[in-house]
Amino acid sequence: MKAKAIEAQMKVTCRPAVLGQALQVVSRAISSRTTLPILNNILIETTSEGLALTATNLEIGIRKIVAAEVAMEGSTTAPARLLTDFVGTLPDQDLEITLDGATQSLNLRCARFDTHIKCIEAEEFPPGPRPDEGDRLEVALDDLVTAVEQTQMAASTDEARPVLTGVLVQVQAGGLTLAATDGHRLAVSKLSAAGAGDLEASLIVPARALAELSRVLKGEPGRVDVIISKARNQIFFKAGSSELTSRLIDGKYPNYAQVIPSKSSTKVKVSTAELTQTVRAVSLFARDSANVIRVKAQAGSLTLSATTNEVGDSKAEMAADVDGSDIQIAFNARYVLDALGVIGENEVELMFDGPLSPGMLRPPGKEHYLYVIMPVRVAMS
Amino acid sequence: MAKPDNWPRTILHVDIDAFYTSVHQRDDPKLRGVPVAVAGRSKRAVVMGASYEARAFGVRSALPLHEALQMCPQLVVIAPDGPRYREASRLIHQIFRRFTSPELVEGVSLDEAYLDVTARTRHGTSNAEEVARRIKFQIHTEVGLTASVGAATSKLVAKVASGTRKPDGLVLVPPGTEANFLAPLPIGAIPGIGPKTEDRLHSMGVRTVGDLAAYETQRLVQALGVGGAVLQRMAQGRDRAPVDGSKPAKTISAETTFENDVSDRGQLEHALRELTDRVVERLKADDVRARTIYVKLKLPDFRLVSRQVSRTSPTDDVETIFRAARSALEKSHVESRAVRLIGVGLSGLEHPEPDLQLTLFD
């Protein structure tokens, strides 16, 4: 690659709209503050499939290949922000990109524009790990995106406990289990995988990386290759011409299985849409410290209420299938909404086992998803 | 640079001006410049705080709300907002702790505290006046409230001083000038001298603090009991009580001295009811709950009788507290014995437990 880059007078033609979109996605891997200036640049390389764009903050790497006509091979690195912003303004006409290898000046010609951007040699760019060897398995893109969406919001943002800022990805028995918790709630989602064979692995993937996954893989064909590096320190997701790589978090994930309730004294089945709308409305009155909504289940109905001294209060009663004993319990409304937003079913089942024990939300009759929330112990009044 | 002064002790008494109403006026421009009172909504509500605009109409703390509204029909009445007062108080105490160590800040109530800043003023970097000014400035700029500060060598003189030039006052009483400072003030300025004692002293020809300081001690004790000697020491500016920030939680109390001594139980209960309403409103405004309810009676011979009732869980319910106060009264009052003063107090004060998010692990 080195020799090629020095000699290259790279020359490619592509469409600004396509390039611009890819630049935006790839730029997501760039940290706003970095101690390594080269990491503010995007690596641009010609390949047999088109123009490859790569960015990394050394934790996450994103690579996309955009369709381009390559007239002359070559590579360089261009400042991400400037290139992305500039390409984003161009009219949708052919964009001709030419690199002067000696000066690292990147010439962009499109419609009435003739622009030069000062670049840095490709050799300066840190070589990222490549997904060529390691354990491979394959999952459906939609399944993976759903499972990530259903779990990553439950991960912690508190850097004090790094393992909780990740999503635990367990590979076993031909499937993947994703679990995330911030200590107050826990989300667990399962999906099947092909080619996993008898592979068993437990990896902690930064939630920040997974949060980019759906954006990076959007528009790609339906299957995703998941590759776990031999050293068990990197994970790769690759679909079509898009790739996300992430460093793994080192550490011991808490034994989440032990906090999943195994019994319940009250089961409630209720419309997801109606519950979502109700929690959203009532929680406007839950502005106090813990964002508390009170939940009361009794035969045939579920009542939600919230009060904030200076603001007022709100109460709503909705019809629900209630099985078991009456209960009053309180939760942080945001935790409830987070789950309802991703459960993806018309109905949701709520399970309680007393006001101070964890509550659980799950799609009725299905095993692939569950969400556990610890209640709030409310002051007596 | 401020010149250090060399006071034996430098004690500040900081009193936020019209605290409750000022907090509301700070947060709502519509309330500025108009008479505002903080009071509950019950039939027997009393004024808990009045803005200076309301005070111009004669509206005062402890005045029944309906009377206040007669005096000042345009009075804007605001419901108490405990958490907001507590937050303002917390910020003010943060400021205090920049000037002295926490155990030398003695909070009397949400809006009033003593600070011992001797260490700050003695070792060459500052003096009482500068510390007082900086505290006032920081409270004003950071919390948006004005404070009146008295600086003296004792808590007593500092407190009297802060009360002489409100609002936004700063009064310094350097060592050696205490007696001169106190002498011209009316005797009512001394904490602990209520209307009845005041009348009594007036009838003895004692009108100013100076009169009291110079009065013959024996005759004072004959007239007022041992308390007379205590009052005289105070009038002389002699107070060695330390600023004690480690004091257990304060109490909230109210008392009333009868025009004529009362022996009828029904009448005492009636007075108790009014006092209970007053302390409970204050309790709620401060967003605390009480474990212990006590009743004190002063007999015609100035003897004090006090009984208390403690509960296992703290409460702010007015009926619960009244029932406890009534049973304390039963324990302390012998049928048909005359009573000169009745008071009710709440102690063992606690903030209600906040909501607590439980955790999955550990």
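Analysis parameters
- Residues numbered from 1 in each chain as written.
- Chains lettered and ligands numbered in written order.
- Predicted model: local features only at pLDDT ≥ 70, side-chain atom pairs only at ≥ 80, totals over all residues.
- Heavy atoms only, no water.
- Helix = DSSP H or I, 4+ residues; strand = E, 2+ residues; numbered from the N terminus.
- Buried < 20%, exposed > 50% of the residue type's maximum accessible area, 1.4 Å probe, protein only.
- Contact = heavy atoms within 4.5 Å.
- Areas by Shrake-Rupley, 256 points an atom, 1.4 Å probe, with all protein chains shown as cover.
- Arc of directions from axis to C-beta.
- Pairing = 2+ DSSP bridges.
- pLDDT = per-residue confidence, 0-100.
- Phe/Tyr/Trp six-rings, centres within 6.5 Å; stacked < 30°, edge-to-face > 60°.
- Lys NZ or Arg CZ within 6 Å of the ring centre and 35° of its normal.

*Asks:* What is the right way to look at the overall build of chain A in this model?
*Replies:* In terms of helices and strands, chain A carries eight helices and 27 strands. Here chain A holds 381 residues, and 52% of them are scored as buried. In chain A, the share of contacts with a sequence separation of at least 24, taken over all contacts with a separation of at least 6, comes to 66%. Of the roughly 17,800 Å² that chain A leaves accessible, carbon and sulfur atoms contribute 48%.

*Asks:* Looking at this structure, how should I read helix α12 (residues 226–235) of chain B?
*Replies:* Because the α-helix completes a turn every 3.6 residues, residues three or four places apart line up on one side. Residues and elements named next belong to chain B. Regarding α12, the residues found buried are Gly 228, Leu 231, Gln 232, Met 234 and Ala 235. Seen end-on, α12 carries its buried residues on one side only, within an arc spanning 160°. Buried positions along α12 lie against α7 (155–164), α8 (178–182), α9 (195–203), α10 (209–214) and α11 (217–224). Gly 237 occupies a position one or two residues after α12 and carries a positive phi of about 75°.

*Asks:* Is there a simple way to explain unusual backbone geometry in this structure?
*Replies:* Note on backbone geometry: most residues besides glycine have negative phi, and most peptide bonds are trans. For the peptide bond that leads from Lys 166 of chain B to Pro 167 of chain B, omega is -10°, which places it in the cis range. Its place among the elements puts Pro 167 of chain B in the loop between α7 and β8 (170–172). Residues other than glycine seldom take positive phi values, yet Ala 111 of chain A does so here, at roughly 50°. The backbone of Ala 62 of chain B shows a phi angle near 75°, a positive value even though the residue is not glycine. Of note, Ala 62 of chain B is situated in the loop between α2 (52–55) and α3 (65–71). With a relative accessible area of 30%, Ala 62 of chain B lands in the partly exposed category.

*Asks:* So what exactly am I meant to see when it comes to the pairing of strand β6 (residues 112–116) of chain B here?
*Replies:* Across a regular strand the side chains alternate sides, sitting on one face of the sheet and then on the other. Residues and elements named next belong to chain B. In terms of burial, β6 is a largely internal element, five of the five residues being buried. Along β6, one buried face is formed by Glu 112, Tyr 114 and Asp 116 and the opposite face, lined by Ala 113 and Leu 115, is buried too. The sheet contact formed by strand β1 (residues 11–16) and β6 spans five bridges and is antiparallel. By the bridge assignment, His 13 is partnered in β6 with Tyr 114. Taking the residues between adjacent antiparallel strands as the criterion, strand β5 (residues 105–109) and β6 are bridged by two residues.

*Asks:* When you look at the environment of Ala 37 of chain B in this model, what are you seeing that I'm missing?
*Replies:* Residue and element names in this part refer to chain B. Along the chain, Ala 37 falls in strand β2 (residues 36–39). Judged by its relative accessible area of 0%, Ala 37 falls in the buried class. Counting along the chain gives 40 residues from Ala 37 to Val 77, while the straight-line C-alpha distance between them is 4.9 Å. Not counting residues within four places of it along the chain, the set of residues in contact with Ala 37 comprises Thr 21, Val 47, Gly 49, Ala 50, Leu 75, Val 76, Val 77 and Ile 78.

*Asks:* Got a minute to help me understand the environment of Leu 65 of chain B in this structure?
*Replies:* All names here are of chain B. Considering the arrangement of structural elements, one finds Leu 65 in helix α3. When the C-alpha positions of Leu 65 and Val 46 are compared, they lie 4.8 Å apart, and in sequence the two are 19 residues distant. For Leu 65, the contacting residues outside a window of four places in its chain are Ala 39, Gly 40, Ala 45, Val 46, Val 47 and Val 77.

*Asks:* Can you walk me through the confidence of the model for chain B in this structure?
*Replies:* Close inspection of predicted coordinates is inappropriate for parts of the model with low pLDDT. Per-chain confidence: chain B averages 87 in pLDDT, with 96% of residues scoring 70 or above. For this predicted complex, the interface confidence reaches an ipTM of 0.77, while the overall pTM sits at 0.58.

*Asks:* What exactly am I supposed to notice about the packing of aromatic side chains here?
*Replies:* All names here are of chain B. Taken as a whole, this structure holds five aromatic pairs over all chains when the rule is applied. Ring geometry for Tyr 20 versus Tyr 85: centroids 4.7 Å apart, planes at 70°, classification edge-to-face. Taken as a pair, Tyr 20 in helix α1 (residues 19–27) and Tyr 85 in helix α4 (residues 82–96) lie far apart in primary sequence, 65 residues in all. Each member of the pair, Tyr 20 as well as Tyr 85, is classed as buried. One Lys or Arg, Lys 155, reaches over the ring of Tyr 114 and ends 5.1 Å from the middle of that ring.

*Asks:* Could you clarify how one ought to interpret the environment of Val 26 of chain A in this entry?
*Replies:* Residue and element names in this part refer to chain A. With respect to the helices and strands, the residue Val 26 is situated in helix α2 (residues 16–27). The buried category is assigned to Val 26, whose relative accessible area is 0%. Measuring from C-alpha to C-alpha, the distance between Val 26 and Ala 55 comes to 5.8 Å, with 29 residues separating the pair along the chain. In this structure, Val 26 is in contact with Ile 42, Leu 53, Thr 54, Ala 55, Ile 62 and Lys 64, ignoring residues within four places of it in sequence.

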